[in-house]
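Breakdown of the fold
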Amino acid sequence: MARTVGIGIQSFEKLITENSFYIDKTDFIRQWWENRDDVTLITRPRRFGKTLNMNMLERFLSVEYSGRGKVFEGLAIWKEEKYRNLQGIWPVIFLSFAGIKAPSFSEAKKGLYYLIEKLYNRYEFLLKEDSLNEKEREFIKNISANMDDYSAISSLGTLSEFLYRYYGRKVIILLDEYDTPLQEAWVYGYWQEMVELIRGLFNSTFKTNPYLERAVMTGITSGHIASCEAKESIFSDLNHLTVVTSTSEMYGDCFGFTEEEVFSALDEYGMQDKRTDVKRWYDGFTFGEHRDIYNPWSIINYLKTGRFATYWANTSSNGLVDKLIREGSAEIKISMENLLKGEHLQKEIDEQIIFDQLDTDESAIWSLFLASGYLKAESYMLNEETGADIYELALTNKEVQFMFRKMIKKWFTRSGTVYNGFIRALLQDDIKSMNAYMNRVALSTFSYFDSGRNPSAETQPERFYHGFVLGLAVELADRYIITSNRESGFGRYDVVMEPKNRTDNAIVMEFKVRDSREEASLENTADAALKQIRDQRYEAVLENSGISRERIRSYGFAFEGKEVLIRG
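Definitions and cut-offs
Residues numbered from 1 in each chain as written. Predicted model: local features only at pLDDT ≥ 70, side-chain atom pairs only at ≥ 80, totals over all residues. Heavy atoms only, no water. Helix = DSSP H or I, 4+ residues; strand = E, 2+ residues; numbered from the N terminus. Contact = heavy atoms within 4.5 Å. Core = buried A, V, L, I, M, F, W, Y, C linked by side-chain atoms within 4.5 Å. Buried < 20%, exposed > 50% of the residue type's maximum accessible area, 1.4 Å probe, protein only. Arc of directions from axis to C-beta. Polar contact = N/O pair within 3.5 Å; in protein donor to acceptor, adjacent residues only side chain to side chain. Salt bridge = Lys/Arg side-chain N within 4 Å of Asp/Glu carboxyl O. Pairing = 2+ DSSP bridges. Axes fitted to C-alpha atoms, helices over the stretch in contact; angles between N-to-C directions. Phe/Tyr/Trp six-rings, centres within 6.5 Å; stacked < 30°, edge-to-face > 60°. Lys NZ or Arg CZ within 6 Å of the ring centre and 35° of its normal. 1 Å grid on protein atoms, 1.4 Å probe; cavity = no way out; pocket = protein on both sides within 12 Å on 5 of 7 lines; lining within 4 Å. Points joined across faces, edges and corners; volume = space filled by probe spheres on them. Nonpolar A, V, L, I, M, F, W, Y, C, P; charged D, E, K, R; others polar. Parallel < 35°, antiparallel > 145°, perpendicular 65-115°, else oblique. Left-handed = near helix turned anticlockwise from the far one by under 90°.

This brings us to the environment of Ala145. For Ala145, the location among the structural elements is in the loop between α6 (134–141) and α7 (149–167). On a C-alpha basis, the gap between Ala145 and Val278 in space is 46 Å, while along the polypeptide they are 133 residues apart. Beyond its immediate chain neighbours, meaning those up to four positions away, Ala145 contacts Lys110, Tyr113, Tyr114 and Glu117.

Formed by 140 residues in total, the largest nonpolar core has its most connected members in Phe202, Phe404 and Phe557. Contacts of Phe404, omitting those with residues within four sequence positions, involve Val321, Ile325, Met336, Leu340, Tyr374 and Leu395.

Another aspect to go through is α6. Within the span of α6, buried status applies to Glu136, Arg137, Phe139 and Ile140. In an axial view of α6, the angular spread of the buried residues amounts to 155°, which keeps them on one side of the axis. Within α6, the exposed residues directed more than 90 degrees away from the buried face are Glu134, Lys135 and Lys141. Lining the buried residues of α6 we find α5 (105–121) and α7. Of the residues that open α6, the one with a side-chain oxygen 3.1 Å from the backbone nitrogen of Lys135 is Asn133.

Considering all chains together, one arrives at 34 salt bridges under this definition. Note that Glu378 is salt-bridged to Arg291, the shortest N-O span being 3.6 Å. Here Glu378, found in strand β12 (residues 375–382), pairs with Arg291, found in strand β10 (residues 290–294); they are 87 residues apart in sequence, far enough to count as distant. Among the residues examined, Glu378 registers a relative accessible area of 27% and is labelled partly exposed. Accessibility expressed as a relative area gives 45% for Arg291, which makes it partly exposed. Note that Glu543 and Arg537 form a salt bridge whose closest N and O atoms lie 2.9 Å from each other.

With that settled, the discussion passes to the pairing of strand β2 (residues 92–96). The element β2 is extensively covered by neighbouring structure, given that four of its five residues are classed as buried. Two elements, β2 and strand β3 (residues 171–176), share five bridges in a ladder whose sense is parallel. Directly across from Leu95, in β3, lies its bridge partner Leu175.

The five strands lie next to each other as β14-β17-β18-β19-β20, forming an open sheet whose pairing is mixed. What marks the edges here is a single partner per strand, and that holds for β14 (480–484) and β20 (563–567). Direction aside, the axes of adjacent strands within the sheet are offset by 15° on average. Pairing geometry for strand β18 (residues 506–513) and strand β19 (residues 552–560), over eight bridges, is parallel. The partner of Ala506 across the bridge, within β19, is Ile552. Across the sheet, helix α17 (residues 418–427) touches β14, β17 (495–499), β18, β19 and β20, and the angle it forms with β19 is around 140°. Sitting on the sheet, helix α20 (residues 522–535) touches β18, β19 and β20, and the angle it makes with β19 is about 140°.

Turning to the sheet that holds β3, a few remarks are in order. Read across the sheet, five strands follow the order β2-β3-β4-β1-β7 without closing on themselves; strand pairing throughout is parallel. The sheet is open, and its two borders are formed by β2 and β7 (241–244), each paired with just one other strand. Neighbour-to-neighbour, the strand axes of the sheet open up by a mean angle of 10°, direction not taken into account. Of the pairings in the sheet, the one linking β3 to strand β4 (residues 212–219) comprises five bridges and is parallel in character.

A few words now on the side chain of Thr258. You can see Thr258 is positioned in strand β8 (residues 257–258). The buried category is assigned to Thr258, whose relative accessible area is 17%. Excluding residues that lie within four positions of it along the chain, Thr258 makes contacts with Asp253, Asp292, Ile293 and Tyr294.

If you walk through the whole model with that rule in mind, you get 47 aromatic pairs. In this structure, Arg169 packs its charged tip against the face of Trp90, placed 4.8 Å from the ring centre. Above the ring of Trp33, the side-chain terminus of Arg214 is found at 3.8 Å from the ring centroid.

Now for the layout of surface pockets. By volume, the second largest pocket amounts to about 300 Å³. Taken together, 22 residues form the lining of the second largest pocket, with Ser246, Thr247, Thr286, Gly288 and Ala377 sitting closest to its centre. For the lining of the second largest pocket, the secondary-structure elements that each account for two or more residues are β9 (285–287), α15 (362–372) and β12. The residue inventory of the lining of the second largest pocket, partitioned by class, reads nine nonpolar, eight polar and five charged.

In this structure the tally under the stated criterion is two cavities of 30 Å³ or more. Looking at the largest cavity, its volume works out to about 90 Å³. If you go around the largest cavity, you meet 11 residues; those closest to its centre are Thr245, Ser246, Glu351, Ser367 and Ala371. The greatest single-element share of the lining of the largest cavity, amounting to three residues, is contributed by α15. When grouped by side-chain class, the residues that make up the lining of the largest cavity number four nonpolar, six polar and one charged. Roughly 30 Å³ of internal volume is contained in the second largest cavity. In terms of lining residues, the second largest cavity is bounded by Ser62, Val63, Glu64, Pro91, Val92, Tyr123 and Tyr167. Split into classes, the residues belonging to the lining of the second largest cavity amount to five nonpolar, one polar and one charged.

Here the focus is the packing of α5 against helix α9 (residues 191–207). Relative to each other, α5 and α9 sit at 25°, their axes nearing to 10 Å. One element, α5, and the other, α9, form an angle in the roughly parallel class. As for how α5 packs across α9, the hand of that crossing is right-handed. On α9, the residues that touch Phe105, Ala108, Lys109, Leu112 and Tyr113 of α5 are Glu193, Met194, Leu197 and Ile198. Class assignment of the residues belonging to the contact of α5 with α9 gives a composition of seven nonpolar, no polar and two charged.

Put into structure tokens, the structure is as follows:
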């Protein structure tokens, strides 16, 4: 009989004792122990089993579960006696930064300090021990959400010492979702303060802690997240850190489900005939040489419901990804157009993601998308002249493609039905309505595409109209092949819409920002855009596809601030 599928269970013991669906990942314990690394950072996309594996580690190693190893019977880790002898003999400090999300540094710091306070509450029994002197007892009593920074920074290292004295063994520290407060800090603008705090805490906990046996950290992004201004990593002092990213060989099959594991699960639930569809929807992740890794959250939900949907993609707001594309340059948006059409990109990837460079360095954005699971690496090569790591990237799978389409559609929801009105007018060649709708769209969404770090007055309208074009590409994907900024005839066009159905008209658009030194009015600018289409023969690419000139419509878009004029 098929096991019950439980959604969102993060307790290893609960999964096993309740006979819920579980794929055995306990060999991760063996692999990690055999590698003998002092401090290990493992990065994987969200909802990839990081928290469950960390809970499993705690459940196996912690002295709090001494003599309670029965839950591991029949699993991979229990096969060898030397690993059975490790069960329940170590003091373990386990905490998660997943909940440290706040719009200000003061709130985030208080949340972090409260987390440490709750951790200390688990060890109140230490206050009764003769191994502590009065000052040390007072230190424990002063641990709170309002403690001073020095106490917070030294708290985990100090707790390690206290536990070492009590148990006679060095401690194992498990830190889950270490980078959540850092990502929040970047989004809300208190990056530098958070980096300094975390660097101090990590140095005290992992570098200058003589009572540390080993440590594991998990997160989405690499441990070398750095501040561009400081030119330092938050781990710059941890020269003994082992970083395991999506391109690393270590632990490649320990997070996420392999294809063999997925197909076996489909067999268990009588879904053998769905293998091809499941692969198209949820496969595509690659960790080192391990290809065909599936995201477990979507697989578990599909086994539960039997319905295809964007489960993994909908587990968070995707706010950072949305912001980076929406406020990104024309090049970023054009690359997204290509990805949504199924094309591959050749991009330089640097796994030492520098958040402060996300506004200015395109490679930092693609590196983040790869680490987060939105892109997959199809191939890799080293540029031997520059030393750059060049990856061939594609959208990970159908689920991710749908996620991006939904995200882009939402960009224009603030304009209500106006955006859809523009699309109808465009398809009907109703220039008067196109003008009316387009001005209302620009008025309501223009600033939405500007980076908060780059005021509107200092940016080109490219951010808006390439976002606008991305919206067209999504809304009209079933009827048109839409490309932008490509070579055609004697120059470059802004947008060409090639119909999939030969009864539809083809469309060429040229966008121009009014230059008051050259054009007396918006009308002149729009006419200049139309003239550029004719002079540069932008329609050539369409004629080469067999579309007659009579079926090609041209429009010149003139911009001045949020005012738009369209002529055809």
